[in-house]
Structures are given as structure tokens and as C-alpha cells.
Amino acid sequence: MTPGLAGAVASPGVGSASPVGSRRRPERTGSVLPDETAVALVAAAALANTTTADDARPDDAALDRMAPLLDTGEGPVCGADDLRTLRGLRPRVRALWQTTEDGAACAVNDLLDEFDARPRLVNRGPWGYRLEVVPVDAPLATRFAISTSIAVADLLRRGEFRRLRSCARPTCHNVMVDLSKNRSRRYCEGRCGNRAAVSAYRSRLASGVADDRDPSRDLPRR
Ligand SMILES: [Zn+2]
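Residues numbered from 1 in each chain as written. Predicted model: local features only at pLDDT ≥ 70, side-chain atom pairs only at ≥ 80, totals over all residues. Heavy atoms only, no water.

1. Examining the overall build of the protein
Item 1. The helix and strand inventory of the protein stands at 7 helices and 4 strands.
Item 2. Going from N to C terminus, the protein has its helices and strands arranged as α-α-α-α-α-β-β-α-β-β-α.
Item 3. For the protein, buried positions account for 43% of its 222 residues.
Item 4. At a minimum sequence separation of 6, the contacts of the protein that also span at least 24 residues come to 57%.
Item 5. For the protein, the computed accessible surface area is about 11,400 Å², with 51% contributed by carbon and sulfur atoms. (Helix = DSSP H or I, 4+ residues; strand = E, 2+ residues; numbered from the N terminus. Buried < 20%, exposed > 50% of the residue type's maximum accessible area, 1.4 Å probe, protein only. Contact = heavy atoms within 4.5 Å. Areas by Shrake-Rupley, 256 points an atom, 1.4 Å probe, with all protein chains shown as cover.)

2. Looking at the confidence of the model for the protein
Item 1. Averaged over the protein, the pLDDT score is 80; the fraction of residues at 70 or greater is 77%.
Item 2. Taken element by element, the predicted model of the protein shows its lowest mean pLDDT in helix α1 (residues 5–9) (38) and its highest in helix α5 (residues 101–114) (98).
Item 3. This model gives residues 6–27 a pLDDT under 50, and the stretch forms 63 contacts once residues within four places in sequence are excluded. (pLDDT = per-residue confidence, 0-100.)

3. Regarding the packing of helix α2 (residues 35–48) against helix α4 (residues 80–95)
Item 1. Remark: α2 packs on α4, axes separated minimally by 8 Å, with the N-to-C direction vectors making an angle of 105 degrees. Here α2 lies roughly perpendicular to α4, going by the angle between them. Packed against α2, whose contacting residues are Ala44, Leu47 and Ala48, the element α4 presents Leu86, Arg90, Val93 and Arg94 at the interface. (Axes fitted to C-alpha atoms, helices over the stretch in contact; angles between N-to-C directions. Parallel < 35°, antiparallel > 145°, perpendicular 65-115°, else oblique.)

4. Focus: the pairing of strand β2 (residues 129–132)
Item 1. Sheet topology note: the strand β1 (residues 120–123)/β2 ladder contains 4 bridges and is antiparallel. Counted as the bridge partner of Arg120 is Glu132 from β2.
Item 2. Taking the residues between adjacent antiparallel strands as the criterion, β1 and β2 are bridged by 5 residues, where Gly125 takes a positive phi near 60 degrees. (Pairing = 2+ DSSP bridges.)

5. Looking at a nonpolar patch on the surface
Item 1. Among the surface-exposed residues, Leu121, Tyr129 and Leu131 lie close enough to one another that they form a single nonpolar patch of about 350 Å² accessible area.
Item 2. Locating Tyr129 in the fold gives a position in strand β2.
Item 3. Note on Tyr129: relative accessible area 56%, which makes it exposed. (Patch = residues over 30% accessible without salt bridge, like charges linked within 9 Å, V, L, I, M, F, W, Y side chains within 5 Å. Salt bridge = Lys/Arg side-chain N within 4 Å of Asp/Glu carboxyl O.)

6. Comments concerning the coordination of the zinc ion
Item 1. For the zinc ion, the protein coordination sphere consists of Cys167 (SG), Cys172 (SG), Cys188 (SG) and Cys192 (SG), at 2.3 Å.
Item 2. For the zinc ion, the 4 donor atoms in the first shell make angles of 104 to 118 degrees at the metal, a pattern classed as tetrahedral.
Item 3. The sequence motif formed by the donor residues of the zinc ion is C-x4-C-x15-C-x3-C. In this pair, Cys172 is assigned in the loop between β3 (164–166) and β4 (175–177) and Cys192 in helix α7 (residues 192–207), connecting sequence segments 20 residues apart.
Item 4. Among the residues examined, Cys172 registers a relative accessible area of 13% and is labelled buried.
Item 5. Classification of Cys192 as buried rests on a relative accessible area of 4%. (Donors = N, O, S within 2.8 Å, 3.2 Å for Na, K, Ca; no water. Tetrahedral: all angles 85-135°; square planar, octahedral: opposite > 155°, others 65-115°.)

7. Comments concerning α5
Item 1. Compared with an ideal rise of 1.5 Å per residue, which puts 14 residues at 20 Å, α5 spans 20 Å between its outermost C-alpha atoms and is within 8% of the ideal.
Item 2. Listing the buried residues of α5 in full gives Ala104, Val108 and Leu111. One face of α5 carries all of its buried residues, which in axial projection span an arc of 65 degrees. The outward face of α5, more than 90 degrees from its buried face, is lined by the exposed residues Asp102 and Asp113.
Item 3. Against α4 and α6 (140–158) lie the buried residues of α5.
Item 4. Trailing α5 by a residue or two, Asp116 shows a phi angle of about 55 degrees, which is positive. (Expected span 1.5 Å × (residues − 1). Arc of directions from axis to C-beta.)

8. With respect to the environment of Gly128
Item 1. Inspection of the secondary structure assignment puts Gly128 in the loop between β1 and β2.
Item 2. A relative accessible area of 22% means that Gly128 is categorised as partly exposed.
Item 3. The residues touching Gly128, leaving out its near neighbours within four places in the chain, are Val122 and Asn123.

Written out as C-alpha cells, the structure reads:
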């Protein structure tokens, strides 16, 4: 995956299911999902993670900091209206991680209706005509909502909805996208994996079965 949210979201692809329109050739992220789908889902998880699981402690400052990173550099920049819309979208985006496939399908359909997503044929020069759903000139929050919806729809279509996961660390409320080949990722991008490894090592020490090997051997593989 392209390092950093800004880089990730600024590298959308073009194509029949492209969540974000772009004239740039799509970058290859090495993901098991199409780049545009992976990028949109990572962005959605980042937005969802600016609040707690029950939305009891939304961190608007964190959302305000990350929202401009959703900018692809092609449409209108992030404004106050976008921030308001993104705050309203946040619990609905997080709910995508907490529902069933049928529930997610309903939520996607609602978002596509609400944000007036319409497929359009766009001439992309050397790449020819592409069927695109996200209007490049739409407000940033609209582009985000539609991109997220199309990405979740792509997951459902591929039978990969279970890649939307919550971090396995009990005290962490983050959601994440499992982009590993064998769907084995358990922890979010934070320090949860390291903490889990140290915790496991201490448990082995306490039970007298630990050896002197580096506790980092327990680090989750991605
Ligand atoms: Zn975590």
C-alpha cells in the first residue's frame, strides 16, 4: 500500500468501477484488491477511526486534520461544508464495519441515492472511455461518500466483505481493512501488534515457558 493516507488517496485508478476519477495512470499497490478499492477503504477506515466504536467520543479535531488528506488534487478542496458532511457520515461509515453483508448493501444503496451517484462515460484520452461514478467536480465529501460506497460494493461483489475488520486488541476501537493475501491481519496500523507481542511474551514469562528469544518474533505478519 502506498505509504500514508495522502499518498494512498491521491493515487486513484480509472476504470469501470473507479471510485475516484483521475487522469493519472493507476499506481500498483500490491494489494489483493484493486487499488482504487483498497485506497477508498483505507480512507474510510481512517475517517471511522476518528471516533470510538459507539461514537460516544468523536474526535472532530482528528477528523479535521485528516479530511484534507482525502483530497485527490482534482476537485474542490476541503471546505467547512465538507467537514460538516464528513462528521455526519462518520458513524455511518463506521457502521459498515459493524453490520452484515445485507446491512452493508442497504447502506451502500442509501449512500448512492443520497449523494446522487450516476455513472457517466468519460473520455480518458489514451485510456479511452471509462464508466465513472464519481464526478471530479463534486465536493470532497460527496466524492468520499461515493468512493466509499463503490469500494464496499466491490468488496461485496467479490465475496470479500470480511476484509473489513476490527482490531483484535481488546482495548483498541479501531477498524481496519485486511489487505493481506491470506486474510490474516489482526491488528490496526497503530502499535497494537507490538503491544500484543509484548503481552504474549510476558505471559510466557509468567508461565515459565518463555525463552530468551526476541519477543518481536510474535509480531503479526502482514
Ligand atoms: Zn488497534
